[in-house]
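Tertiary structure, described
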Amino acid sequence: MATRMIWYLHSSADTVIVGKLLGDRLLGFYSMSGQLSTLPVQKISTIVNQVAFPVFSQLQHDLPKLRTYFLTITRFVALITFPLMIALVVIAEPLVRLILTEKWLPVVDIFQIMCVIGVIKSVDTIIPNMLMARGRADVLLKYNVAILLVLPAAFFLGASYGLLGVAYAWVVAYPMLLLYLYRIGLAELGLSVTDYLKNLTPAILAAGAMGAGMAAFRLLDSALWGSNLWVSVVGATLVGIMACAAALALFQREMTAEVKGLVGSLRSPRPLAESPR
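Residues numbered from 1 in each chain as written. Predicted model: local features only at pLDDT ≥ 70, side-chain atom pairs only at ≥ 80, totals over all residues. Heavy atoms only, no water.

On to unusual backbone geometry. Phi is positive for threonine 101, which is not a glycine, with a value near 75°. Following the sequence through the fold, threonine 101 ends up in the loop between α5 (92-100) and α6 (107-124). (Helix = DSSP H or I, 4+ residues; strand = E, 2+ residues; numbered from the N terminus.)

Attention now moves to the pattern of salt bridges. What the rule picks out here adds up to 6 salt bridges. Linking arginine 134 and glutamate 188 is a salt bridge whose minimum nitrogen-to-oxygen distance equals 3.1 Å. Within this pair, whereas arginine 134 is found in the loop between α7 (126-133) and α8 (137-159), its partner glutamate 188 is found in helix α9 (residues 163-189), the two being separated by 54 residues in sequence. The class for glutamate 188 is buried, based on a relative accessible area of 17%. Taking the shortest distance from any N to any O, the salt bridge between aspartate 138 and arginine 136 comes out at 3.1 Å. For aspartate 138, a relative accessible area of 34% translates into the label partly exposed. Taking relative accessible area as the criterion, arginine 136 reaches 25% and is therefore assigned partly exposed. Among the charged side chains, a salt-bridge network with shared partners connects Glu93, Arg97, Glu102 and Arg218. (Salt bridge = Lys/Arg side-chain N within 4 Å of Asp/Glu carboxyl O. Buried < 20%, exposed > 50% of the residue type's maximum accessible area, 1.4 Å probe, protein only.)

Reading fine detail from the predicted coordinates is not recommended where pLDDT is low. Per-chain confidence: the protein averages 87 in pLDDT, with 88% of residues scoring 70 or above. Contacts from residues 269-277, a stretch scored under 50 in pLDDT, to residues over four places away or in other chains number 12 contacts. (pLDDT = per-residue confidence, 0-100. Contact = heavy atoms within 4.5 Å.)

All told, the structure shown has 6 aromatic pairs when counted by the stated rule. Centre to centre, the rings of phenylalanine 56 and phenylalanine 70 are 6.4 Å apart; their planes meet at 45°, and the pair counts as tilted. Here the residue phenylalanine 56 occupies a position in helix α3 (residues 24-58), and phenylalanine 70 occupies one in helix α4 (residues 63-90), the gap between them amounting to 14 residues. According to the relative accessible area criterion, phenylalanine 56 is buried, its value standing at 0%. Summarising the aromatic geometry, the rings of tyrosine 182 and tyrosine 196 are spaced 5.2 Å apart at their centres and angled 70° between planes, so their arrangement reads as edge-to-face. Taken as a pair, tyrosine 182 in helix α9 and tyrosine 196 in helix α10 (residues 193-199) lie far apart in primary sequence, 14 residues in all. Clustering of aromatic rings is evident, with ring pairs tying together Phe56, Phe70, Tyr182 and Tyr196. (Phe/Tyr/Trp six-rings, centres within 6.5 Å; stacked < 30°, edge-to-face > 60°.)

For serine 33, the location among the structural elements is in helix α3. In this structure serine 33 touches Val107, Ile110 and Phe111, once residues within four positions along its chain are discounted.

Put into structure tokens, the structure is as follows:
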């Protein structure tokens with residue numbers, strides 16, 4: 001309960017500070033960029049949270065299985081969100097022109113920065129689920145208290161440099177706070193940072209390939225077709241998907257086996273693990 005109350009207090013700190021210090025007009029730009037960048041992550045996180053916590057709870061006393069499922073769920077969430085958020089970074093400007101019109105162009109830079117933060121946020125919700133399943137609510141309470149103390153102060157300082165300052169406050173302060181959560185969470189599972197990053201390699205490569213393919217198409221589009229908005233968005237997306245698929249083909253056999261194993265375990269009528277009596 002305390003963790004939820006603290007989360008509620010800090011979750012709207014950025015918008016409150018932007019509204020008070022920068023005014024309603026800039027708050028509108030900031031809110032729009034935040035909504036656009038967080039919507040995909042929120043939808044996916046909602047689904048993941050509904051699945052992850054029950055699975056982790058059943059596996060809380062079986063550390064090897066818990067570790068395996070944690071890594072598998074993290075990897076497959078990242079395979080969706082990393083390429084998606086990088087794609088939004090690349091096509092941010094034509095996408096905003098297309099769906100919001102040119103009056104919203106001031107949100108582009110903020111939107112791109114928030115999408116980068118979205119990459120991190122898309123997988124950081126998995127660790128709290130695991131820690132709760134392991135009975136480590138104390139870690140989450142300390143983490144949320146730290147966020148409540150640090151993030152609003154960072155936003156306040158960043159606001160003196162405008163909306164970009166607030167956005168960069170996210171980039172600087174949020175990952176630093178996550179270091180504590182990851183240090184405890186990975187140690188709880190007996191994982192190293194190297195193990196965790198190696199697990200994300202397919203997603204990182206896929207996101208890199210998608211971003212590079214889309215950026216290359218946009219350069220070509222600008223030279224040949226004069227940056228038509230529909231061509232920029234749709235064409236770049238299609239090229240990015242093909243580049244992403246090509247990168248993922250390197251890991252196809254391994255990922256197919258993991259998906260089958262995960263789905264098979266979730267469909268099994270037997271419990272994933274029995275708690276010790």
